[in-house]
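Coordinates in review
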Amino acid sequence: MPLPQLMPLLAAVALAPCPAPVKAQLDGLYRWQVARQDLSGPIELKSQKSRFTDGLYQKLRRAYGLDPNSGSFVDFDLFSGTQVGTFGAKVLGCTAAPGGGLEARVAVQAGLRNRPAEAPQLLRYQLVRGPAGSWKIADIVYAHPAGFRLSSYLAELLGPKP
């Protein structure tokens, strides 16, 4: 479903504009995401460390460092929720979250090379205030499957194997 058709559905959630620092965090993440897709080799996440809580960053770093030959590896694009490329993202708005955090709704345009899918992927970013007052990404909730969380995926991926 194209973004204009999604807008009435999103309006029912009573989204408010995100604070400028939150929008800047997410816009910057997607600028990096789109640019890095053209690079070969392992994903270098270090330049994005300040965008994430320390705990989430450490798990992401460990997950991206896994050897695919071991059978455990990141098997989808964590910032689009797909197995295709990311063309861009639009921060749609924010809602208050328990404990003083925010949830930012982001529409991610993904698809095969030169052919973005019509319907954007809707992700919900959970953000908390960092020690210096900046907003940090604490988790991502994906639309499909409903309620699927980055934190749960990483815990399973990095956890002990049977």
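Refer to the structure above for everything that follows.
In this report, the structure presented in the accompanying data block is examined. These figures come from a predicted structure and were not determined experimentally. (Residues numbered from 1 in each chain as written. Predicted model: local features only at pLDDT ≥ 70, side-chain atom pairs only at ≥ 80, totals over all residues. Heavy atoms only, no water.)

A few points about the environment of Lys59
Structurally, the position occupied by Lys59 is in helix H3 (residues 54–64). Under the relative-accessibility criterion, Lys59 is labelled partly exposed at 37%. Residues Lys59 and Val106, 47 residues apart in the sequence, show an inter-C-alpha distance of 22 Å. If sequence neighbours within four positions are ignored, Lys59 has contacts with Leu154 and Leu158. (Helix = DSSP H or I, 4+ residues; strand = E, 2+ residues; numbered from the N terminus. Buried < 20%, exposed > 50% of the residue type's maximum accessible area, 1.4 Å probe, protein only. Contact = heavy atoms within 4.5 Å.)

Focus on the state of the cysteines
Two cysteines whose sulfur atoms are joined by a covalent bond form what is called a disulfide. A full pass over the atoms with the stated rule returns one disulfide. Covalent S-S linkage joins Cys18 and Cys94, the inter-sulfur distance amounting to 2.0 Å. Measuring handedness by torsion sign, the sulfur bridge of Cys18 and Cys94 sits at about 100 degrees and is right-handed. Of this pair, Cys18 sits in the loop between helix H1 (3–11) and helix H2 (20–36) while Cys94 is found in strand E1 (residues 85–96), placing the two residues 76 residues apart along the sequence. Both residues of the pair, Cys18 and Cys94, count as buried. (Disulfide = S-S within 2.5 Å.)

Geometry only, nothing functional implied.
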